[in-house]
Every structure is written in C-alpha cells, then in structure tokens.
Amino acid sequence: MESAAAAAMRKVSSQASLADPDDFDLTRLLNHKPRINVERQRSFDDRSLSELSLSGAGAGGRGGWGGCGYGAGAESYESMYSPGGGLRSYCGTPASSTRLSFEPHPLVGEAWDALRRSLVSFRGQPLGTIAAVDHSAGEVLNYDQVFVRDFVPSALAFLMNGEPEVVRNFLVKTLLLQGWEKRIDRFKLGEGAMPASFKVLKDPKRGVDKLVADFGESAIGRVAPVDSGFWWIIILRAYTKSTGDVTLAEAPMCQKGIRLIMNQCLAEGFDTFPTLLCADGCCMIDRRMGVYGYPIEIQALFFMALRCALLMLKPDAEGKEIMERIVTRLAALSYHVRSYFWLDFQQLNDIYRFKTEEYSHTAVNKFNVNPESIPDWLFDFMPTRGGYFVGNVSPARMDFRWFALGNCVAILASLATPDQAAAIMDLVEERWEELVGEMPVKICYPAIEGHEWQTVTGCDPKNTRWSYHNGGSWPVLLWLLTAACIKTGRLKIARRAIELAEARLARDGWPEYYDGKLGRYVGKQARKFQTWSIAGYLVAKMMLEDPSHLGMISLEEDKAMKPVLRRSASWTV
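Here's what I pulled together on the structure shown here. (Residues numbered from 1 in each chain as written. Predicted model: local features only at pLDDT ≥ 70, side-chain atom pairs only at ≥ 80, totals over all residues. Heavy atoms only, no water.)

With that settled, the discussion passes to the overall build of the chain. In terms of regular secondary structure, the chain is built from 20 helices and 15 strands. Per-residue burial over the chain gives 62% buried out of 573 residues. For the chain, the share of sequence-separated contacts (at least 6 apart) that also reach a separation of at least 24 residues comes to 73%. Of the roughly 22,700 Å² that the chain leaves accessible, carbon and sulfur atoms contribute 53%. (Helix = DSSP H or I, 4+ residues; strand = E, 2+ residues; numbered from the N terminus. Buried < 20%, exposed > 50% of the residue type's maximum accessible area, 1.4 Å probe, protein only. Contact = heavy atoms within 4.5 Å. Areas by Shrake-Rupley, 256 points an atom, 1.4 Å probe, with all protein chains shown as cover.)

Another aspect to go through is the environment of Gly162. Mapped onto the secondary structure, Gly162 falls in the loop between helix H5 (148-160) and helix H6 (165-178). For Gly162, a relative accessible area of 5% corresponds to the buried category. With 80 residues separating them in the primary sequence, Gly162 and Ser242 have C-alpha atoms 8.4 Å apart.

With that out of the way, let us pick up the sheet that holds strand E7 (residues 208-214). Judged by pairing direction, the sheet is antiparallel, and its 3 strands sit side by side in the order E3-E6-E7 without closing on themselves. Whereas interior strands pair on both sides, the edge strands pair on one side only; in this sheet they are strand E3 (146-147) and E7. In the sheet, E3 pairs with strand E6 (residues 197-203) via 2 bridges, with the strands oriented antiparallel. Counted as the bridge partner of Phe147 is Ser197 from E6. (Pairing = 2+ DSSP bridges.)

Under the defined criterion, the tally for this structure stands at 22 salt bridges. For Arg168, the salt bridge identified is with Asp245, shortest N-O distance 2.7 Å. A residue pair is termed long-range when its members are at least 10 positions apart, and Arg168 in helix H6 and Asp245 in the loop between helix H7 (227-243) and helix H8 (247-250) qualify at 77 residues. Between Arg401 and Asp399 there is a salt bridge, with the nearest N and O atoms lying 2.7 Å from each other. If you follow the salt bridges from partner to partner, you end up with Arg385, Asp426, Glu429, Glu430 and Arg490 in one network. (Salt bridge = Lys/Arg side-chain N within 4 Å of Asp/Glu carboxyl O.)

For Asn161, the position within the fold is in the loop between H5 and H6. Classification of Asn161 by relative accessible area gives buried; the value is 0%. A polar contact is formed between the side chain of Asn161 and the side chain of Glu163, at a distance of 2.7 Å. (Polar contact = N/O pair within 3.5 Å; in protein donor to acceptor, adjacent residues only side chain to side chain.)

Pairing analysis gives 7 bridges linking E6 to E7, with the strands arranged antiparallel. Residue pairing in the sheet places Lys202 in a bridge with Asp209 of E7. Hairpin connection of E6 to E7: 4 residues between the antiparallel strands, including Gly207 at a positive phi of 70°.

Now for helix H9 (residues 252-265). End to end, H9 covers 20 Å across 14 residues, agreeing with the expected 20 Å (1.5 Å per residue, within 8%). The elements touched by buried residues of H9 are H6, H7, H8, helix H10 (296-312) and helix H11 (317-341). (Expected span 1.5 Å × (residues − 1).)

What follows deals with the packing of aromatic side chains. Working definition: an aromatic ring pair is given by the centre-to-centre distance plus the angle between the planes. Summed over the entire model, instances satisfying the criterion amount to 21 aromatic pairs. Their ring planes at 85° and their centres at 6.2 Å tell us that Tyr335 and Tyr340 sit as a pair that is edge-to-face. Overall, the relative accessible area of 36% leaves Tyr335 in the partly exposed class. The ring of Tyr143 carries the charged tip of Arg527 above its face, separated from the ring centre by 4.4 Å. (Phe/Tyr/Trp six-rings, centres within 6.5 Å; stacked < 30°, edge-to-face > 60°. Lys NZ or Arg CZ within 6 Å of the ring centre and 35° of its normal.)

Across the interface, H9 lies against H10 with an axial gap of 11 Å and an inter-helix angle of 140°. Taken together, the axes of H9 and H10 lie oblique to each other. Pair H9 / H10 crosses with left-handed handedness. For the pair H9 and H10, contact is made by Gln255, Ile258, Met262 and Cys265 and by Phe302, Ala305, Leu306, Ala309 and Met312, respectively. Grouping the constituent residues of the contact of H9 with H10 by class yields 8 nonpolar, 1 polar and no charged. (Axes fitted to C-alpha atoms, helices over the stretch in contact; angles between N-to-C directions. Parallel < 35°, antiparallel > 145°, perpendicular 65-115°, else oblique. Left-handed = near helix turned anticlockwise from the far one by under 90°. Nonpolar A, V, L, I, M, F, W, Y, C, P; charged D, E, K, R; others polar.)

Now for the environment of Leu176. Residue placement: Leu176 occurs in helix H6. Sequence separation between Leu176 and Met253 is 77 residues; the distance between their C-alpha atoms is 8.5 Å.

Let us look at the packing of H7 against H9. Packing of H7 against H9 leaves a shortest axis separation of 10 Å and a crossing angle of 140°. Along this stretch, H7 crosses H9, giving a crossing that reads as left-handed. Of H9, the residues touching H7 (which contributes Gly229, Phe230, Trp232, Ile233 and Leu236) are Cys254, Ile258, Ile261, Met262 and Cys265. Per-class residue counts for the contact of H7 with H9 are 9 nonpolar, 1 polar and no charged.

Pasting the structure below:
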C-alpha cells in the first residue's frame, strides 16, 4: 500500500525540492544493512525463461553470481562472479590491484583522483558524480548535474572497487525523483519516466540541500530521455550482482519503480513491431541526428532492461502479469532485431536485389526498402567477414550507419547471437581505422555532411561532420567495447584500444569527445575532465585485469529464445 509520503510526493512540482517525509524513506533505505549473499550458487540470472516459473519463483537467489561468456578456452569466463563487497581502495589504489597483486598503470591513480573530485553529496551522503569538472569552460550549462546515463560507468567503477554506498544512494534518490509529478508546459509525462539529470542545490541560509530534477523540460530541444529508466534498472541489477544485497531490489519502492518503467514501455498502442518507437535526442545521441524511429541503441537497452527487470521482479500479484508481458515481448523483440536489423555481406547482397511494392504476408521486402537507398559508402565498408546491427529499421527506411553503443549492448545483453557477436567483433577488427582510429570509439560511422547534414541535424553547429554525435570519438565507449571483447573472448582488441586511450587521455585532460575521421583532435566544444571519460577508462581497465567483473553487466544467452542465425525465409531472395 502506498505510504502517505509517497502519495504526497506526486503532488510536488518537478522544480521543487524533496519534502521531509521523503527523507525519512531515504534514510530508512540507506541505513538498512544489506543482506549479503555469500554463497556463490547458480544465480537467478542463469536460469532460462523456460525454467522461470511465474507462479513459483522464489525471492531468494537473485543476488547470485552468474556466468556470461561467449568465448572459449583460456579467454572464456563461463563462471564469472563479481566479488564486490568489503574491499575499499585507499590513496587512489584500486582494490583489484590489492586482490590480484599487480602494479596498476600510473594513469589509474590519477583517474581515481579525478573521479572522486566529481562526487557530489546530498545531506552528507555521496549521491553521484557530476558530468564534468572543467574549470576552464566559460559556461557550465548542465555539466554540473548528475546524469543518469553518465553515472553508469561511475557506478560500475565504484562497484568494482568495493564502494557500493554511492551507487545505492543514487538508486534510491532517483527512485524518489521518479515519483515527482513531471510537467513540460501544460503536458504531463508518463508516471514511470526517470529524470535525465538532477542537481544538488545548497541553501546556505537554511543550511539544507535541495534537489532539482530535469525530465526534459530544461534539456536542449526539450526531449525527455527514454534511456534513463533502462539504465536505472541495469544499474540496480549490477548493484545486486556486485554486492549480493537483494534487499534493495526487493524493497516495495524498487519493485514499484521497476513496474512503472515496464508499464510505460510495454504499453500497447498502434505499433506493429515489438521495437520501441523513439524521438530524436532521447538517448546518448541527445540532439537531432536522424535516429527517429527505432534506433538500435534504444532497442538493445530496452531488451537488456526487460531481461534485468524479469530477474528482479517478484512474481506476486502485481509482478506476475508484468513478467508474463516481458517474456512475450522478449521473444518477439529478439526475433525482430536479430532478423531485420542484422546486416552482413550476404544480407547486403540480398537487399541490393530487393523488389519493391510487394503486398501480402509473402512479401520478401517486408519494410519496402528501396535498394536505391543503400548509400555508396556501404559497399566498400562491408567486409566479407563481419557484420553488425544497423542503426534503424522502419517502413521504407533503413539507416545503415554503425552505432557503437547499440551493438556493444546487444552483445552484453545477448540480444546478439554468439555468431552475430563474433561477427561484430570481426567487423571492428576489419574496419579498425574507421571505427576506432586513434581514439576509441566512434559513436557512429560514417558522419553525415553537406545537404544531408543540414536537413537531418537542422544545421546543428555542434554536430558538424566527424564531431560530437556526428562521427565523433567518445572515450566513454571504451568500457562497452572492452566488456564486449571479454564476453566474446577477443581480449587483444580490448588491450589495443585501452593502450590507444592511455597514450592520450590524461595528456589531453580527459576530454568528452574527439573530432576527425581518426579521432586525432580534441573536440572543438569538448569539456575537459569529463567524468564518464574517466570512469569509462577505469571500468575498462578493471574489467580487463579482473574479467569476473563482467558478471555484473552481462547477461547469458537465454536458451528459451531460440537464436535466429539468419533471416527468416520471407527475407531470402
């Protein structure tokens, strides 16, 4: 039953601060000692959907320690766990170096110092990390705020270093923010929406801290984030896996928060596809970049959040119905993305020979994609060995661009089949100069320019060719690439990418992004000491040195979702 404090919370404006009753809930949850699951048994995560009884799944075991590897032999990590709790670093030394007895790279200590400088507190409790600590920048904009998506690598870094307190605080506080009434002008957002960011305001006169959250009403373009709720669920699972503490995920507030997010994204409408329809600017690419429709980044995050939610929801009266909807959606979503988003040399050749204006369920060209829309660059870019998930698929349109985050998350969530995951890594190796260059990793490839840039971006001066979201290189993606490499047993790729980053990141002041076809130049408007660039390096480094950390962010392939190794028969020419 909803408490009076939670009910009152819904009447608070998104520009107001949290009331005192909310602090009671926060204190109660934060001071509750976690129940640590010290037995590394087969985890709730490791069980397939076919084994999951919606009526009989127990509450215990969700904090277990699951495997997550695709690779074989010495580079396979089928029984990974995340040791987490209890270890804490001192004097900037990562806990993993103490546990594994190695001498850390000199850059690691510097990165930890920089990451800790980005920490913010709320009423004496560490709450998160701000986007950047760039004292040289003239205009702060919103870089002094805690962003949900930006905090992900910070959360993983602290969890891997045995410091879960700030992650727990972040999860609880953003959950309370979810309960605020969210209005933009005269329009009310969905009940389950999570904020894009929040800021801690100090009131020296009253001696108290206040929070101001942004649900899109202050964002550039006034776009609400679709990915915040998904990332929150993923962080919650990572926290549970790392610490073994299931009490937070099983708390009524968290269960309700998960259900609200699921209800919002599983709502039935006029969609004929299981993918999630999204506007431009609703994800990491938070400006207009032609990703309207069904961007692969959102579909991969959606899939991963669905799987994480299924593992953490209680099969009670309220949770059972949502779990059943999740199981149904997962099966449809995995089939759709694996079949219609996948592109390799053979599929490209098939699309090249498509006929258009086909009618009925026997149509080969189901989305009426015109072969003339295939861009010229793709024919030279596509190697005979390798493949990837394209950026977008919708009626009469296929965005053939490569997007790094969506493809890496697809591997980690096991949305990609083992064969597809291996092919994505093959593509990275075959097209290293284009996708990695001199600074990992290109957010998308290739850049759009000329008249297309004008119409697609609205002449966005920040997204000029090979800059920012338009083909820029983002160091934060290093942790995702490394995680995907570990899962697929391709550690050489990860080591090579990390070495490239180590040669320049600190010297350049940990910038937000790099410009140019090869990522040679610090971004023209890039903030220095960008927190997720720092945390992304630390996470990549710690995962490579102790691959068991991958367990908190990776999901095994579910045997109930039979892999589609090639397109359905209707796509075969």
